[in-house]
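# Descriptive structure summary
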Amino acid sequence: MKITDVKTFLVDGGFRPWTFVKIETDEGVTGWGDCTDWGSPEPVVAMVHRLGRFIIGRDPLNSEAIWWELSAFCVRHAFGIAHKAIAGIDSALWDIRGKAYGVPVYQLLGGKLRDRLPLYWTHFGTMRVQFPDVIGQEPLKSPSDLAALCKEAKGCGYTAVKTNMAVAKALGFDVPPLNFDFPRDGMRSLIRAVSTQMEFIGQELGPDVEMALDVAFSFKLADAIRLARALEPFNMMWLEAETFDFGALRALREQTSTPLCIGESLFGTAQFKPLLETYAVSIIMPDLAWNAVTMGKRIADLAHAYDVLYAPHNCHSPLTTLISAQVSAAIPNFFRLELDVDDVPWRDDILTHPFVIERGALLVPDRPGLGADLIEEELLAHPAKTYTTR
């Protein structure tokens, strides 16, 4: 079997344009990958095509060799856009391998440890505050709206949610945009707004539904400590306060009982190893649209050696959900899988076999490869475009 072509598709995924890779072979077996990038989709696509020229004529079943050869080619500009492009190719090669052998990808990783993957509802309320028109929902504007959303999550069987600071707007707070360089003199009121938001959600969800808060890179160490301490009464699932200074993260962990989780902005074992060596986090969340199957499994094994749980970052396309499911099914330290329950209405239309959710858990698909193909006609029917938040 030989690779004959590498194609890309940029598809409207709402607030993030989905970036898909299709690899074709001379035996008619095709594979699909995802390397969605919110900020730079066109450069990632260009990099996929550049790297794709190097693998035409290669055996797609040799995905390990292809990963390391492409990584060596990109060593002077490692990680970032180059790493994402390699990841899109890698997942497509694993999809081909599974189809060629007639087994799910998880079987190639050693077999599955579980049939169901507990989910958490991510961007909980955020999508209805910032993108209600995109997802076809009524805007989230008031405490009663937020209470109704909590009731909806419980009714669907979700036992965990993750939210963002923007949801505090529904409670009447003026919250600046995420990743804004917040002035220190406004920190006290911001932390009060976020604490009020989490207290409200916690009361509405009840004690059996876990909560996480994602503040991205918005807080420096001193204020992250104040925020983490303010959240302690709510027995959080985790606080996501990103930083590339793992020493600062360790200092934060030593100052609070609130569990910490980061990892969506890190690439490969090379970047996760120093994080794990600090023992700064209880959970890691690698993005498998950017680390794919080859590195995603290695990161999970490395985390297991450090007694750290694995909860993949997964707010890209439904294909990344399938990629994450295949890896998560085959590892011992899996915790929860992220899912945008509020998504574009055509999410399931692009898949030949939409994934199945049952009482807040994703059922691991048993079809060969990743578990579904993408439908090209549907991809072309939804070209990528740019959205602005409310």
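Up top you'll find the structure we're talking about.
Residues numbered from 1 in each chain as written. Predicted model: local features only at pLDDT ≥ 70, side-chain atom pairs only at ≥ 80, totals over all residues. Heavy atoms only, no water.

### Notes on the nonpolar core
Going by this rule: In plain words, nonpolar cores are sets of buried Ala, Val, Leu, Ile, Met, Phe, Trp, Tyr and Cys residues tied together by side-chain atoms within 4.5 Å. Type-normalised accessible area, obtained with a 1.4 Å probe on protein chains alone, sets the label of each residue: buried when under 20%, exposed when over 50%, and partly exposed for intermediate values. In what follows, a contact means two residues having at least one pair of non-hydrogen atoms within 4.5 Å.
If you look at the biggest cluster of nonpolar residues, it comprises 123 residues, and the most contacted ones within it are Phe20, Ile23 and Ile284. Among all residues touching Ile23, those that are not within four sequence positions of it are Ile3, Asp5, Val6, Val29, Thr30, Gly31, Ile55, Ile89, Ala92, Leu93 and Ile96. Counting residues in hydrophobic clusters, the runner-up holds nine residues, among them Ala212, Trp238, Ile283 and Met285.

### Topic: the packing of helix α11 (residues 268-277) against helix α12 (residues 288-305)
Spelled out, the test is: Helix axes use the C-alpha atoms of the stretch in contact, all axes being lines fitted to C-alpha atoms, and the angles between their N-to-C directions lie in the range 0 to 180 degrees. Under the scheme used here, helices are H or I runs from DSSP no shorter than 4 residues and strands are E runs no shorter than 2 residues, and both carry numbers assigned from the N terminus. When describing relative orientation, an angle under 35 degrees is termed roughly parallel and one over 145 degrees roughly antiparallel, while 65 to 115 degrees is termed roughly perpendicular and anything else oblique. Two helices cross in a left-handed way if the nearer one is turned anticlockwise from the farther one by less than a right angle. They cross in a right-handed way if the turn is clockwise. All amino acids are sorted into three groups, where Ala, Val, Leu, Ile, Met, Phe, Trp, Tyr, Cys and Pro are nonpolar, Asp, Glu, Lys and Arg are charged, and the leftover types, Gly among them, are polar.
The contact between α11 and α12 brings their axes to 9 Å, and the two run at 25°. Taken together, the axis directions place α11 and α12 in an arrangement best described as roughly parallel. When the axes of α11 and α12 are compared, the crossing they make is right-handed. Together, Gly268, Thr269, Phe272, Lys273 and Leu276 of α11 and Asn291, Met295, Arg298, Ile299, Leu302 and Ala303 of α12 make up the contact between the two elements. For the contact of α11 with α12, a count of residues per class yields six nonpolar, three polar and two charged.

### A few points about helix α2 (residues 63-73)
Under the convention used in this document: Directions are taken from the helix axis to each C-beta atom, and the arc is the one they span.
Where α2 is concerned, the buried positions are Ser63, Ile66, Trp67 and Leu70. Axial view of α2: buried residues confined to an arc of 105°, hence all on one face. Where α2 is buried, its residues meet β1 (3-11), α1 (41-55), α3 (80-101) and α12.

### Comments concerning empty space enclosed by the protein
The following threshold applies: The distinction between a cavity and a pocket rests on a 1 Å grid over the protein atoms alone: a 1.4 Å probe fits inside a cavity but cannot get out, while a pocket stays open yet meets protein on both sides within 12 Å along at least five of seven lines, and a residue with an atom within 4 Å of a point counts as lining. Grid points are joined across faces, edges and corners, and a volume is the space filled by probe spheres set on the points.
In total, this model carries one cavity of 30 Å³ or more according to the counting rule given. Counted as a void, the largest cavity has a volume near 50 Å³. Lining the largest cavity, in full, are Arg16, Asn314, Cys315, His316, Ser317, Pro318, Thr321, Leu339, Asp340, Asp343 and Arg347. For the lining of the largest cavity, the class distribution of residues is three nonpolar, four polar and four charged.

### So, the packing of aromatic side chains
Short version of the rule: When the centres of two rings from Phe, Tyr and Trp lie within 6.5 Å, Trp using its six-membered ring, the rings pair. Their planes under 30 degrees apart give stacked, over 60 give edge-to-face, and anything left gives tilted. Here, a charge over a ring means that NZ of Lys or CZ of Arg falls within 6 Å of the ring centre while also lying within 35 degrees of the ring normal.
In the structure shown here, the tally under the stated rule is 13 aromatic pairs. On the basis of an interplanar angle of 45° and a centroid distance of 5.6 Å, the ring pair of Phe9 and Trp32 is categorised as tilted. Here the residue Phe9 occupies a position in strand β1, and Trp32 occupies one in strand β3 (residues 31-34), the gap between them amounting to 23 residues. Here Phe9 and Trp32 have matching classes, each one buried. A ring pair is formed by Phe267 and Trp290, whose centres lie 6.2 Å apart and whose planes are at 25°; its orientation type is stacked. With Phe267 in the loop between β8 (261-262) and α11 and Trp290 in helix α12, the pair connects residues that are 23 residues apart, well separated along the chain. Judged by relative accessible area, which is 7%, Phe267 ranks as buried. Classification of Trp290 by relative accessible area gives buried; the value is 10%. Through pairs of rings, three or more aromatic residues link up here, namely Phe15, Trp38 and Phe131. Lys84 extends its terminal NZ or CZ atom over the ring of Trp290, reaching a point 3.9 Å from the ring centre.

### Here's the deal with the environment of Val364
One can find Val364 in the loop between β13 (361-363) and α14 (376-380). When the C-alpha positions of Val364 and Ala329 are compared, they lie 7.1 Å apart, and in sequence the two are 35 residues distant. Not counting the four nearest positions on each side in its chain, Val364 is found in contact with Tyr106, Arg114, Asp115, Arg116, Leu117 and Ala329.

### Regarding the side chain of Asn291
In plain terms, the rule: We call two N or O atoms a polar contact when they sit within 3.5 Å, provided that within protein one can donate a hydrogen and the other can accept it, with sequence-adjacent residues counted only if both atoms are side-chain atoms.
Relative to the assigned elements, Asn291 resides in helix α12. Among the residues examined, Asn291 registers a relative accessible area of 0% and is labelled buried. Here the side chain of Asn291 touches His83 through a polar contact of 3.4 Å, side chain to side chain. Polar side-chain contacts of Asn291 include one of 2.7 Å to the backbone nitrogen of Gly268.

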